[in-house]
Amino acid sequence: MSRKKDDTAVIEPKANAHMDPYSSMLSRFYVAAERVGLSPDEREILSRPSEIHIAYLPVAMDDGSVRVFESYRVIHSRALGPGKGGIRYAPEVNMREVMALAAWMTWKCAVVNIPYGGAKGGITCEPKKMSVGELERLTRAYTRAMSEVFGPDKDIPAPDMGTSAREMAWIVDEYSRLHRGNYIPAVVTGKPLELGGSKGRVEATGRGVTTVILQALQRMGRRPDGLTAAVQGFGNVGSITAKFLSQNGIRVVAISDKTGGVYNESGILIHQAIQYRDNHGGTLEGFKGGERITNEQLLTLDVDILVPAALEDQITARNASQIKAWLIAEGANGPTTAEADPILNERGITVIPDILANAGGVIVSYYEWVQNRRGHYYTESEVQERADNTIKQAFDDVFTRAAAHKVSLREAAYLLAVERVVRALRMHGKY
Ligand code: GLU
């Protein structure tokens with residue numbers, strides 16, 4: 001690939017002083033690459049995305065104006081299979097963020113041993129301020145722009161922050177129209193059940209986060225009953241994790257979203273909080289289930305378990321020394337900067353890394369894709385059993401590796417992932 005010098009700044013692979021998500025991803029990758037013994041070429045290949053697609057999407061707005069939205073689809077690697085990863089709709093979406101998210105999908109799919117590479121999409125927009133019609137036109141425009149990028153054997157999108165089954169339905173409809181009306185449900189996962197979605201997909205990520213927390217507790221010889229947890233973020237991942245944690249006897253004393261948080265020492269009633277959110281424009285603003293706290297305060301509460309399930313870069317070199325939880329499970333992608341890792345490690349805090357902790361979603365996406373291709377559909381308990389076994393196996397692999405090499409769970413997860421991806425890369429051969 002030849003590029004002019006000026007074009008390189010944004011995909012410069014060096015980890016730079018400011019820890020943006022891509023730099024955080026790279027510095028962990030470089031450590032693993034060194035230990036696994038990657039050649040300089042292999043390091044070079046995997047430190048960059050394999051493809052970046054950018055499209056500017058003109059969309060007719062309800063008021064008659066036309067707005068142009070910037071959108072991306074980044075494929076980081078296809079060494080282990082087709083690109084796989086969600087599509088994010090958020091105002092702060094930018095290319096380096098999507099590049100990081102795509103690479104994390106590569107490592108995530110490799111850690112849990114599903115036959116996918118890594119990809120991610122994003123559109124810089126404010127979905128909560130757009131009408132359903134505007135969102136549909138935007139999603140269809142994006143699908144048309146990416147129609148040669150997506151494909152059931154090429155690149156398979158899914159929901160992420162700001163998107164859900166509704167957007168996936170528009171994608172499968174538009175994509176199928178573009179392919180002479182052949183119905184192609186396997187091009188996207190996280191679809192509504194009626195259009196070939198999988199039972200258990202909506203709850204899959206939160207269920208997986210809970211499963212790995214329970215496994216970690218078991219390994220540490222701790223029982224869940226009576227432990228306390230704080231959950232940052234109350235979207236699909238945060239709210240469902242909070243629900244499952246409380247069902248397992250863990251007292252969720254704090255939750256939050258963009259608008260701030262709530263603390264209640266005797267435990268938040270999660271089903272009430274979910275109901276409140278659903279009836280109040282999707283936010284917890286004004287929820288009376290406890291005293292108001294900030295997101296920053298939530299992170300440093302005196303709890304046993306902390307689940308960052310919101311955005312990237314929440315646990316940083318600035319606040320890592322104040323964290324009181326002894327177990328962190330990363331529901332979000334990239335909530336901890338690479339600079340915070342050594343601080344948490346030195347303090348003996350166990351971190352179940354994002355690429356393992358939140359893999360429950362993509363695992364059930366994989367089973368959705370398998371069901372679409374076989375035309376045979378599983379019951380909810382069949383899906384759950386398969387997904388639970390897959391994430392438990394991955395947890396055991398990572399835990400065993402960490403113990404054997406005396407490294408953190410994050411380092412062990414990266415070692416396993418990089419090893420698996422590079423083995424496949426070598427088998428593909430040189431071209
Ligand atoms: N967006 C989710 C993630 O970050 C799910 C991706 C998928 O199912 O492909 O893992």
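Note that the structure is a prediction, hence the values are computed from the model and not measured.

Visitor: Honestly, empty space enclosed by the protein in this entry has me stumped. Any pointers?
Guide: The probe, sized like a water molecule, is rolled over the atoms to show the empty space still left. In the structure shown here, the tally under the stated rule is 2 cavities of 30 Å³ or more. Roughly 80 Å³ of volume is contained in the largest cavity. What lines the largest cavity is a set of 13 residues, among which Ala204, Arg207, Val364, Ala387 and Asp388 lie closest to the centre. Here the lining of the largest cavity takes 5 residues from helix α13 (residues 380–405), the largest share from any one element.

Visitor: What is the right way to read the side chain of aspartate 304 from this model?
Guide: Locating aspartate 304 in the fold gives a position in the loop between α9 (295–299) and β10 (305–308). As a buried residue without a salt bridge, aspartate 304 has its nearest oppositely charged side chain in arginine 222, at a separation of 4.8 Å. Residue contacts for aspartate 304: discarding those within four places in its chain leaves Gly226, Leu227, Thr228, Ala325, Trp326 and Leu327.

Visitor: I'm lost on the environment of serine 256 in this one. Help?
Guide: Inspection of the secondary structure assignment puts serine 256 in strand β7 (residues 251–257). Of the residues examined, serine 256 reaches a relative accessible area of 0% and is grouped as buried. Beyond its immediate sequence surroundings of up to four residues, serine 256 is in contact with Val231, Gln232, Gly233, Phe234, Gly261, Leu284, Asn295 and Leu298. Polar side-chain contacts of serine 256 include one of 2.6 Å to the side chain of asparagine 295.

Visitor: I would appreciate a short explanation of the site of the ligand in the present structure.
Guide: Looking at the ligand, there are 14 residues lining it, with Lys84, Lys108, Pro159, Asp160 and Ser365 nearest. Note that an oxygen atom of the ligand is positioned 2.8 Å from one of the side-chain N or O atoms of lysine 84. The contact in question runs from an oxygen atom of the ligand to an N or O atom on the side chain of arginine 201, over 3.1 Å. When the ligand sits alone it has 300 Å² of accessible area, and the protein chains cover 94% of it. When residues of the shell around the ligand are traced back to their parent elements, those giving at least two are β3 (83–90), α3 (95–111), β5 (155–159) and α12 (360–374). Each residue belonging to the shell around the ligand can be placed in one class, and the counts come to 4 nonpolar, 5 polar and 5 charged.

Visitor: Got a minute to help me understand the pattern of salt bridges in this structure?
Guide: Pairs can form between side chains of opposite charge once their charged atoms are near each other. Under the counting rule described, the total for this entry stands at 30 salt bridges. Here arginine 410 makes a salt bridge to glutamate 330, at a shortest N to O gap of 2.9 Å. Here arginine 410 is found in helix α14 (residues 409–428), whereas its partner glutamate 330 is found in the loop between β11 (327–329) and α10 (340–346), with 80 residues between them in sequence. Of the two residues, arginine 410 and glutamate 330, both sit in the buried class. One salt bridge connects aspartate 341 with arginine 410, and the closest N-O pair in it is separated by 3.3 Å. Of the two residues, aspartate 341 sits in helix α10 while arginine 410 sits in helix α14, which places them 69 residues apart along the sequence. Arginine 410 matches aspartate 341 in its accessibility class, with the two residues each being buried. A single salt-bridge network, built from bridges that share partners, covers Glu136, Arg140, Arg144, Asp173, Glu174 and Arg177.

Visitor: Would you mind going over the sheet that holds strand β2 (residues 66–77) with me for this structure?
Guide: Strand-to-strand pairing in sheets goes through backbone hydrogen bonds, with the strands running parallel or antiparallel. Spatially, 5 strands are ordered β1-β2-β4-β3-β5 in an open sheet, and the strand pairing comes out mixed. Every other strand in the sheet has two partners, leaving β1 (51–60) and β5 as the edge strands with one partner each. Recorded for the sheet is a direction-independent mean angle of 25° between the axes of neighbouring strands.

Visitor: Explain helix α4 (residues 132–145) to me, please; I cannot follow it from the model alone.
Guide: Working note: α-helix, 3.6 residues per turn, so residues spaced by three or four point in the same direction. Here α4 contains 14 residues, and its C-alpha end-to-end distance of 20 Å stays within 8% of the 20 Å for a straight helix at 1.5 Å per residue. Residues of α4 that are buried: Glu134, Leu135, Leu138, Thr139, Arg140, Ala141, Tyr142 and Thr143. The elements touched by buried residues of α4 are β1, β2, β3, β4 (118–124) and α5 (165–178).

Visitor: Even after reading the chapter, I still don't get the sheet that holds β7, so can you show me in this structure?
Guide: Pairing is mixed across the open sheet formed by 7 strands, whose spatial order is β9-β8-β7-β6-β10-β11-β12. Edge positions in the open sheet fall to β9 (291–293) and β12 (350–352), since each of these has one partner strand only. Each neighbouring strand pair of the sheet contributes to a mean axis angle of 20°, computed without reference to strand direction. Bridge count for β11 against β12 is 3 bridges, and the pairing is parallel. Considered in β12, the bridge of isoleucine 328 is made with valine 351.

Visitor: How do you make sense of the layout of surface pockets when you look at a structure like this?
Guide: One number sums up the size of the second largest pocket: a volume of about 670 Å³. Taken together, 20 residues form the lining of the second largest pocket, with Asp41, Ile45, Leu425, Gly429 and Tyr431 sitting closest to its centre. Elements that contribute at least two residues to the lining of the second largest pocket include exactly α2 (40–46), β2 and α14. Here the lining of the second largest pocket takes 5 residues from α2, the largest share from any one element.

Visitor: Any chance you could explain the environment of serine 266 here in plain terms?
Guide: With respect to the helices, strands and loops of the structure, serine 266 is situated in the loop between β8 (260–263) and α8 (270–279). Judged by relative accessible area, serine 266 falls into the exposed class, the value being 59%. It is 48 Å that separates the C-alpha atoms of serine 266 and valine 68, two residues lying 198 residues apart in sequence. A polar side-chain atom of serine 266 sits 3.0 Å from a polar atom in the side chain of asparagine 264.

Scoring rules and cut-offs
Residues numbered from 1 in each chain as written. Predicted model: local features only at pLDDT ≥ 70, side-chain atom pairs only at ≥ 80, totals over all residues. Heavy atoms only, no water. 1 Å grid on protein atoms, 1.4 Å probe; cavity = no way out; pocket = protein on both sides within 12 Å on 5 of 7 lines; lining within 4 Å. Points joined across faces, edges and corners; volume = space filled by probe spheres on them. Helix = DSSP H or I, 4+ residues; strand = E, 2+ residues; numbered from the N terminus. Buried < 20%, exposed > 50% of the residue type's maximum accessible area, 1.4 Å probe, protein only. Lys, Arg positive; Asp, Glu negative; His and termini not counted. Salt bridge = Lys/Arg side-chain N within 4 Å of Asp/Glu carboxyl O. Contact = heavy atoms within 4.5 Å. Polar contact = N/O pair within 3.5 Å; in protein donor to acceptor, adjacent residues only side chain to side chain. Near = heavy atom within 4 Å. Areas by Shrake-Rupley, 256 points an atom, 1.4 Å probe, with all protein chains shown as cover. Nonpolar A, V, L, I, M, F, W, Y, C, P; charged D, E, K, R; others polar. Pairing = 2+ DSSP bridges. Axes fitted to C-alpha atoms, helices over the stretch in contact; angles between N-to-C directions. Expected span 1.5 Å × (residues − 1).

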